[in-house]
Amino acid sequence: MAGTVTHDPPPDTGGRQGGPLIVTEDAELLDDLLRLCAAAGATPEVHHGVPERRGSWEAAPLVLVGDDAARRLRGAARRRGVVLVGRDQDDSGVWRRAVEIGADHVLVLPDGEQWLVDRIADVAEGVGRPALTVGVIGGRGGAGASTLACALAVTSAREGLRTLLVDADPLGGGLDVLLGGEAAEGLRWPAFAASRGRVGGGALEESLPELHSLRVLSWDRGDCVAIPAQAVRAVLAAARRRGGAVVVDLPRRVDEGVAEALAQIDVGLLVVPAELRAVAAAARVASAVGMVLRDLRVVVRGPYAPGLDDRELARLLGLPLVGEVPVESGLRRPGEGRTPPGGNARGPLARFCTAFWERALVEAGAA
């Protein structure tokens, strides 16, 4: 159980911080709190009362006070980020003691363990602006969605944004192949299949292959073709907490795992070749995706069928038009050492992606 005493938000740390301060003499409670700190990847400072060392009480990003120590903190300076931790669900006096020491929250173990792990991890990792997350999906097979997803990620990284490219299509052949990094060291999706709860953002980033100044979460060449929805949720949440940009290459079907990915996407781009059969297929994809993703826009790829242009195609689909994604020759093919999609900063594809990011970041208030 976790309860809020005050309504002040936790401080925006904006970058990696130190571990929490623990104040308790209860050995059993201390063992539990140390275990939860370890699960969150944080190293705490432990005291029996208000620290004698100047500044420790004020500077700690989070203070976990055992209910046994509340009386010893009544004269301490008031600050935000104090959590009073107890064990007795039936002790009504815990709320009075929380008010006396100026605690923001009251937490009762073991029910509140996951909440506390998340809070400790937030202050350990730093909580800033979440990544702008863009999903790319083809209106039909062969629409060029994977190429656009790679180009968006490569362009974002070149512009200096921390960038993660996520391959959410297990049947797509692997975006690491498209980027020429199938042999690069690092983890692939199957390594995260058992993930539950909280995944450390920094640990995730460091574990993935780095290609063209961005991190890539792709598929290996094994038999795994699905990741549990809980793992998708945990991994994408960790990626978003790192800030910058996350680009997700989506399959055209919507299962539980894809729905979890869609739920964390800010802007969706539906890539549609400009011909009638593709429009009909894209309408079905848009209907399925639109049940989860609220901001879905259309990107048109030529050449155009007679009677069609980009605005007419967007009108037929009932979606906002982003523009026409240009065709660019000389893109990488598997096994060749050519420039990856978006790798030529002066090419039409990179210019299209740069313009998209400029608009999207302004819309998101991140510029």
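Now for a quick tour of the structure.

Conventions used here
- Sequence order as written defines residue numbering, which begins from 1 separately in each chain.
- In view of the model being predicted, local features appear only for residues whose pLDDT reaches at least 70, and side-chain atom pairs are presented and counted only at 80 or more, with totals across whole chains, interfaces and linings using the full set of residues.
- In computing side-chain values, all of the structure's heavy atoms are included and hydrogens and water are not.
- Secondary structure is summarised from DSSP: a helix means a run of H or I of at least four residues, a strand means a run of E of at least two, and numbering begins at the N terminus for each.
- Type-normalised accessible area, obtained with a 1.4 Å probe on protein chains alone, sets the label of each residue: buried when under 20%, exposed when over 50%, and partly exposed for intermediate values.
- Contacts are residue-level and defined by heavy atoms, with any inter-residue pair within 4.5 Å sufficient.
- Working definition of accessibility: Shrake-Rupley area with a 1.4 Å probe, residue cover restricted to the visible protein chains.
- Charge assignment in this entry is limited to Lys and Arg as positive and Asp and Glu as negative, and neither His nor the chain termini are counted.
- By convention, the point assigned to a charge is CZ for Arg, NZ for Lys, CD for Glu and CG for Asp.
- Note that patches include only residues with greater than 30% relative accessible area and no salt bridge, and the join distances are 9 Å for like charges and 5 Å for nonpolar side chains (Val, Leu, Ile, Met, Phe, Trp, Tyr).
- Each reported salt bridge corresponds to a side-chain nitrogen of Lys or Arg within 4 Å of a carboxyl oxygen of Asp or Glu.
- Within this scheme, the nonpolar core is defined by two criteria: the residues are buried Ala, Val, Leu, Ile, Met, Phe, Trp, Tyr or Cys, and they are joined through side-chain atoms within 4.5 Å.
- Between the rings of Phe, Tyr and Trp (Trp by its six-membered ring), a pair exists once the centres lie within 6.5 Å; its type follows the angle of the planes, with under 30 degrees stacked, over 60 edge-to-face, and the other angles tilted.
- Interaxial angle, 0 to 180 degrees, is taken between N-to-C directions of lines fitted to C-alpha atoms, where a helix line uses only the stretch in contact.
- The labels follow the angle: roughly parallel below 35 degrees, roughly antiparallel above 145, roughly perpendicular from 65 to 115, and oblique for the rest.
- Definitions for this section: a left-handed crossing has its near helix turned counterclockwise from the far helix by less than a right angle. A right-handed crossing has that turn clockwise.
- Throughout this entry, Asp, Glu, Lys and Arg are counted as charged residues, while Ala, Val, Leu, Ile, Met, Phe, Trp, Tyr, Cys and Pro are counted as nonpolar. The remaining residues, Gly among them, count as polar.

Description of the overall build of the protein chain
Then step 1. When you go through the protein chain residue by residue, the secondary structure sums to twelve helices and 14 strands.
Then step 2. With the C-alpha coordinates of the protein chain rotated into their principal frame, the extents come out at 80 × 40 × 40 Å.
Then step 3. Buried positions account for 51% of the 367 residues belonging to the protein chain.
Then step 4. Nonlocal contacts in the protein chain, meaning residues at least 24 apart in sequence, comprise 72% of its contacts between residues at least 6 apart.
Then step 5. When the accessible surface of the protein chain is totalled, it reaches about 16800 Å², and 50% of it is carbon and sulfur.
Then step 6. Placing the 42 positive and 48 negative side-chain charges of the protein chain at their respective mean positions leaves the two points 5 Å apart.

Focus: a nonpolar patch on the surface
Then step 1. A cluster of nonpolar side chains, namely V254, M291 and V292, defines an oily patch on the protein surface of about 280 Å² accessible area.
Then step 2. Looking at the secondary structure, you find V292 in the loop between α10 (276-289) and β13 (296-301).

What to know about the nonpolar core
Then step 1. Counting 46 residues, the largest nonpolar core has W189, L250, L270, V272 and L317 as the members making the most contacts within it.
Then step 2. Put simply, the parts of the chain that give this core at least two residues each are β8 (163-167), α8 (229-241), β11 (245-250), α9 (256-263), β12 (267-273), α10, β13 and α11 (310-317).
Then step 3. Per-element accounting of this core gives the leading share, seven residues, to α8.
Then step 4. In this structure V272 touches G139, A278, V279, A282, V298, V299, V300, R301, L313 and L317, once residues within four positions along its chain are discounted.
Then step 5. The next biggest cluster of nonpolar side chains, apart from the first, holds 35 residues, and it includes C150, L165, V299 and L349.

So, the packing of aromatic side chains
Then step 1. All told, the structure shown has two aromatic pairs when counted by the stated rule.
Then step 2. A centroid spacing of 6.1 Å and a plane angle of 35 degrees characterise the contact between W189 and W219, whose relative ring orientation is tilted. Of this pair, W189 sits in the loop between α6 (175-178) and α7 (201-207) while W219 is found in the loop between β10 (214-217) and α8, placing the two residues 30 residues apart along the sequence. In terms of burial, W189 and W219 fall into one category: buried.
Then step 3. With a centroid separation of 5.6 Å and an interplanar angle of 65 degrees, the aromatic rings of F356 and W357 are classed as edge-to-face. Like W357, F356 is buried.

A closer look at the pattern of salt bridges
If the charged atoms of two oppositely charged side chains come close together, the side chains can form a pair.
Then step 1. On inspection of all chains with the given rule, the structure shows 21 salt bridges.
Then step 2. As a salt-bridge pair, E25 and R72 come within 3.3 Å of each other at their nearest N and O atoms. Here E25 is found in the loop between β2 (21-23) and α1 (27-39), whereas its partner R72 is found in the loop between β4 (63-66) and β5 (82-86), with 47 residues between them in sequence.
Then step 3. A cluster of three or more residues bridged by salt bridges with shared partners is formed by D32, R35, R87 and E113.

Quick notes on the side chain of D169
Then step 1. Relative to the elements of secondary structure, D169 occurs in the loop between β8 and α6.
Then step 2. Buried and without a salt bridge, D169 has R253 as its closest oppositely charged side chain, separated by 4.2 Å.
Then step 3. Setting aside its immediate chain neighbours within four residues, D169 contacts W219, D249, L250, P251 and R253.

A closer look at the packing of α8 against α9
Then step 1. For the pair α8 and α9, the least separation of the axes is 8 Å and the interaxial angle reads 25 degrees. When the axes of α8 and α9 are compared, the pair comes out roughly parallel. Every pair of crossing elements has a handedness; the one defined by α8 and α9 is right-handed. Counted together, A229, V232, R233 and L236 of α8 and E256, G257, E260 and A261 of α9 form the full contact between these two elements.
Then step 2. Of the residues contributing to the contact of α8 with α9, the split by class is four nonpolar, one polar and three charged.

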